[in-house]
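Architecture and fold: a report
Chain by chain, the residues:
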Amino acid sequence: MKKISLISATPLADAPTIGLTSTELLIAALFVFALVALLATFIMLKALKVMIKEGDKPMPLVKEHQPGPLDYLEWAKLKKAKPNVWSKLLSLKPIEEEQTLLIPHAYDGIHELNNPVPKWFSILFYATIIFAGGYLYYYHIGNGPMQDQEYVAEIEKAAKDKRAFLANAAEKFDENSIKLDGSMIANGKAVFMTNCVACHGDQGQGTVGPNLTDEFWLHGGSISDIFKTVKYGVSAKGMASWEKNLSSKNIAEVVNYIMSLKGSKPANPKAPQGEKYEDKSVKDTVTNESIAKN
Ligand code: HEC
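Residues numbered from 1 in each chain as written. Predicted model: local features only at pLDDT ≥ 70, side-chain atom pairs only at ≥ 80, totals over all residues. Heavy atoms only, no water.

**Overview of the pattern of salt bridges**
How we decide: What counts as a salt bridge is simple: a side-chain nitrogen of Lys or Arg found within 4 Å of a carboxyl oxygen of Asp or Glu. Strands are runs of DSSP state E lasting at least 2 residues, helices are runs of H or I lasting at least 4, and numbering of each runs from the N terminus.
If you walk through the whole model with that rule in mind, you get four salt bridges. E253 is the salt-bridge partner of K249, the closest N and O atoms lying 3.5 Å from each other. Taken as a pair, K249 and E253 lie in helix α9 (residues 248-260) at a separation of four residues, close to a single helical turn.

**A look at the coordination of the iron atom of the ligand**
Six octahedral donors around a metal ideally sit at 90 or 180 degrees from one another, while four tetrahedral donors ideally sit at 109.5 degrees. Inclusion rule: Distances define the donors: N, O and S atoms within 2.8 Å of the metal qualify, as do those within 3.2 Å of Na, K or Ca. Water is excluded, so some sites may look unfinished. Think of it this way: with four donors and all angles in the 85 to 135 degree range, the site is tetrahedral; with four or six donors, opposite ones beyond 155 degrees and the rest between 65 and 115, it is square planar or octahedral; otherwise it is irregular.
Looking at the metal site, the iron atom of the ligand is ligated by H200 (NE2) and M239 (SD), spaced 1.9 to 2.2 Å from it. Its six donor atoms give the iron atom of the ligand angles of 87 to 180° at the centre, a pattern that matches the octahedral case. Separated by 39 residues along the polypeptide, H200 in helix α7 (residues 197-200) and M239 in the loop between α8 (223-232) and α9 bring together distant segments of the chain.

**Details of a nonpolar patch on the surface**
Heads up, the condition is: What goes into a patch is any residue over 30% in relative accessible area without a salt bridge, connected to like charges within 9 Å or, for nonpolar side chains (Val, Leu, Ile, Met, Phe, Trp, Tyr), within 5 Å. The Shrake-Rupley method, run with a 1.4 Å probe sphere, supplies the accessible areas, and residue values consider only the shown protein chains as cover.
Together, W86, L89, L92, V117, W120, F121, L124, F125, Y126 and I129 make up an exposed nonpolar region whose accessible area comes to about 1,100 Å². With six residues, the top contributor of residues to the nonpolar patch is helix α4 (residues 119-141). Looking at the secondary structure, you find V117 in the loop between β2 (110-113) and α4.

**Side note on the pairing of β2**
Within a regular strand, the side chains alternate between the two sheet faces. Heads up, the rule is: Only when DSSP finds a minimum of two bridges between them are two strands counted as paired.
One ladder, built from four bridges, connects strand β1 (residues 102-107) with β2; its direction is antiparallel. The partner of Y107 across the bridge, within β2, is I110. Count of turn residues in the β1/β2 antiparallel hairpin: two residues, of which D108 carries a positive phi of about 50°.

**Details of the nonpolar core**
Under the convention used in this document: In this text, buried Ala, Val, Leu, Ile, Met, Phe, Trp, Tyr and Cys residues form a nonpolar core when linked through side-chain atoms within 4.5 Å. When a residue's accessible area, from a 1.4 Å probe over protein chains only, is under 20% of the maximum for its type it is buried; when over 50% it is exposed; and in between it is partly exposed.
Ranked by internal contacts, the top residues of the largest apolar core, which has 22 residues, are F192, I226, F227, V230, I251, V254 and V255. Put simply, the parts of the chain that give this core at least two residues each are α6 (185-195), α8 and α9. Of the residues forming this core, the biggest block, seven residues, is contributed by α9.

**Some words on unusual backbone geometry**
Excluding glycine, residues mostly carry a negative phi; peptide bonds, for their part, are mostly trans. A positive phi angle, close to 50°, is found at D108, a residue other than glycine. Along the polypeptide, D108 turns up in the loop between β1 and β2. In this structure, K265 is a non-glycine residue whose phi angle is positive, near 45°. Tracing the backbone through its elements, the reader meets K265 in the loop between α9 and β4 (275-276).

**Remarks on the UniProt feature "transmembrane region" (unreviewed entry) in the protein**
Rules: UniProt positions are given in the numbering used here, feature names are shortened, and annotations may be inferred rather than shown by experiment.
Feature annotation in UniProt assigns "transmembrane region" (unreviewed entry) to the following positions: residues 25-45 and 120-139. Here residues 25-45 runs as 100% helix and 0% strand, with 30 Å between its end C-alpha atoms. Structurally, residues 120-139 comprises 100% helix and 0% strand, and the distance from its first C-alpha atom to its last is 28 Å.

**Some details on the site of the ligand**
The condition that has to hold: Here a residue counts as near a molecule or strand whenever at least one of its heavy atoms sits within 4 Å of it. Counted as a polar contact is a pair of N or O atoms within 3.5 Å, where, for protein atoms, one must be capable of donating a hydrogen and the other of accepting one, and residues adjacent in sequence contribute only when both atoms are in side chains.
Neighbouring the ligand are 21 residues, the closest being C196, C199, H200, H219 and M239. Between the ligand and H200 there is a distance of 2.7 Å, counted from a nitrogen atom to a side-chain nitrogen or oxygen. Separating an oxygen atom of the ligand from a backbone N or O atom of L218 is a distance of 2.7 Å. Mapped onto the shell around the ligand, the elements with two or more residues apiece are α7, α8 and α9.

**Here's the deal with the packing of aromatic side chains**
Selection criterion: Within 6.5 Å between ring centres, the rings of Phe, Tyr and Trp (the latter by its six-membered ring) count as paired, and their orientation is classed by plane angle as stacked under 30 degrees, edge-to-face over 60, tilted in between.
Counted according to the given criterion, the structure contains six aromatic pairs. For the pair Y135 and Y139, a centre-to-centre distance of 4.7 Å together with 45° between the ring planes defines the contact as tilted. Placement of both Y135 and Y139 in helix α4 is noted, with a separation of four residues, approximately one turn of the helix. Residue class for Y135 comes out partly exposed when judged on its relative accessible area of 42%.

Here it is in C-alpha cells:
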C-alpha cells in the first residue's frame, strides 16, 4: 500500500499550480446544483400532471376484455401500441400490463410489482464492481503509479519533449531565415552529388537544367530565391520540388553549396539563361577557401 501525502504531491517547487481556485469551484458547484434543481423541478411537474390526470379519470388497472376475433382496426391499434425504443431500453411495461407483474403478496393492501432493472443496467453495475476490484489491485496493491508519481512522470516527459522540440526547431530552415553558412557546404556537396548531378552536371555547369555557377538566374540568384526554387521546384519546366524528399536542413546545405559555386568557371558550361543577378547587399561571404576545400 502506498500513502499519498500532500507534500509529495508537489515535487517541483516551481511547478505551476494546476486546478481551480475556490471561487471557481464554488461557481461550478452552484451551477451543478442549479442544474439538478431544474431537473428535479421538471420531474416533479411531470409527476404532478400525471397525478392530476389520474385524479380526474383514473385509468383502469385491467382493461375490459373484449372477446371475439380481432378485426383489422383492433389489429392496427395493437400494432401501433408496440413499445417504443425508450420503454424497451428501460424495460418499461405499459401500465395495462402491470397486472402481470404483481407479486402475490400484500402488506396493508400495498402490492409489489416485479419490475427488475434492465439487463444492460445490471451488466454495467457488475462491470463497475469488477473494474473497482481491478483498480484497487493495480494502484494500491500492484505497481500502478499514484497521482504524485504520474505527475512527476508527466513533468519529466514534457521537459524531454520540449528539449526534443527545440533541438528539432534548430534544424528547420526556410526561405526567410536561410543565411549563408560556409560550414554547410561540405554536406551540401554530398546532397548535390546524390540528387542534382543528373540535370545540373557534376560541377553545376548545367546539362538538362541550367548552369548554376554563372551569374544568370531564371528564378533569382539570392540565397532565398534559390532556396525557394529548390524547395518548391518549377514542375512545369522539369525541376522537381524537393520539399518532400529532402529535409529543410539538406535544402539549406545544398543551397549553400550552390552559392559557393558562383564564379567557379567549370569546363563546358551551359550557356547563361535568365537574367543577370547582382546582389549588392552581400559581398560574397562564401570564401574561395571553402570552395577549394570541397
Ligand atoms: C530532373 C532534372 C533535375 C534535377 C534532378 C534537378 N534539377 Fe534543378 N532544374 C532543372 C531544370 C530543368 C531547371 C530549369 C527550370 C526552368 O527552366 O524554370 C532547374 C532549375 C534549378 C534552379 C534554378 C536555376 C535558375 O536559373 O534560376 C536551381 C537553383 C536548381 N535547379 C537546383 C537544383 C538542386 C539543388 C537540385 C538537387 C536537389 C536540382 N536542381 C535537381 C532540372 C533538374
